[in-house]
Amino acid sequence: MSFQIEKIHHVAYRCKDAKETVEWYKKNLNMDFILAFAEDHVPSTKAFDPYMHVFLDAGNGNVLAFFEVPNQPEMGFDPNTPSWVQHLALKVKDRDELIVAKEHLENAGIDVIGVTNHGIFHSIYFFDPNGHRLELTYDDPTSEDKVSMITDAIKQDMLDEWSRTKRAPAHTQFLHSDELSEAREVAPVGE
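Parameters and conventions
- Residues numbered from 1 in each chain as written.
- Predicted model: local features only at pLDDT ≥ 70, side-chain atom pairs only at ≥ 80, totals over all residues.
- Heavy atoms only, no water.
- Helix = DSSP H or I, 4+ residues; strand = E, 2+ residues; numbered from the N terminus.
- Buried < 20%, exposed > 50% of the residue type's maximum accessible area, 1.4 Å probe, protein only.
- Pairing = 2+ DSSP bridges.
- Axes fitted to C-alpha atoms, helices over the stretch in contact; angles between N-to-C directions.
- Contact = heavy atoms within 4.5 Å.
- Expected span 1.5 Å × (residues − 1).
- Polar contact = N/O pair within 3.5 Å; in protein donor to acceptor, adjacent residues only side chain to side chain.

## A word on the overall build of the protein chain
Regarding its fold elements, the protein chain presents 5 helices and 8 strands. In the protein chain, the order of α-helices and β-strands from amino to carboxyl end is β-α-β-β-β-β-α-β-β-β-α-α-α. Considered along the principal axes of its C-alpha atoms, the protein chain spans approximately 55 × 45 × 35 Å. Per-residue burial for the protein chain yields a buried fraction of 30% across its 191 residues.

Right, here's the structure in full:
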């Protein structure tokens, strides 16, 4: 291939209210409002569809953007996709930062799930005012060692097995052994 992706330039989602969204992300996630632009016509399609496009600083050159498009039907979500699937994960420094963030969000009246142990990282989950699921996470101190156990051969074997069976291969169950021990007792693997 003759080109290489350097990084994600920005990720864009739809929002219900651009101002409310900017204020929510500033207040709850300490993201700076870095850019906005608006047009009556969409530059790529040339269609008339007035919009406000806002950009927030997600740290280290990462940008989170939102579009408010008031002339479109009310935004919705795919009813066939569980609400936990589509989400945006944002990294914090360590467990202390995650706990501070969790307390901050809960004090703001936001429902938070977790801290969830994924073996290689630990996360909390919550929703923004638009219904987008967010994850704050930090890397486990042992993550490099655990990730190194998942070789290219194991990754490919897991993908091939999943493709054939549509059942979770057991290769990496060690990652969630602590978090899912009780759940696996109730519904053992393979049942």
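Alright, that's what it looks like, and here's the rest.
## Structural notes on the sheet that holds strand S1 (residues 11-14)
Taken together, the 4 strands give an open sheet; going across it, the order is S1-S4-S3-S2, and neighbouring strands pair in mixed fashion. What marks the edges here is a single partner per strand, and that holds for S1 and strand S2 (33-41). Between one strand axis and the next, the sheet turns by 20 degrees as a mean value, whatever way the strands run. The pairing of S1 with strand S4 (residues 63-68) spans 4 bridges and is classified as parallel. Along S4, the bridge assignment pairs Ala12 with Ala65. Packing of helix H1 (residues 18-29) onto the sheet brings it into contact with S2, strand S3 (48-57) and S4, and relative to S3 it is tilted by some 10 degrees.

## Concerning H1
The terminal C-alpha atoms of H1 lie 16 Å apart, and with 12 residues this matches the ideal 16 Å at 1.5 Å per residue to within 8%. Looking at where H1 begins, the residue whose side-chain oxygen comes 3.1 Å from the main-chain nitrogen of Lys19 is Asp17. One or two residues past the end of H1 sits Asn30, with phi positive at roughly 55 degrees.

## Describing the environment of Thr45
Mapping Thr45 onto the fold places it in the loop between S2 and S3. Each C-alpha atom of the pair Thr45 and Asn80 lies 29 Å from the other, and the pair is 35 residues apart in sequence.

## Regarding the side chain of Asn28
Considering the arrangement of structural elements, one finds Asn28 in helix H1. Look past the residues within four positions of Asn28 in its chain and what remains in contact with it is His104, Leu105, Ala108 and Ile110.

## Quick word on the pairing of strand S8 (residues 133-139)
Within S8, 6 of the 7 residues are buried, which leaves it mostly tucked inside the rest of the structure. Sheet topology note: the strand S5 (residues 87-91)/S8 ladder contains 5 bridges and is parallel. The residue of S8 that forms the bridge with His87 is Arg133. Here strand S7 (residues 121-127) runs beside S8; their pairing, made up of 7 bridges, is antiparallel. Within S8, the position partnered with Ser123 by the bridge is Thr137. Taking the residues between adjacent antiparallel strands as the criterion, S7 and S8 are bridged by 5 residues, where Gly131 takes a positive phi near 90 degrees.

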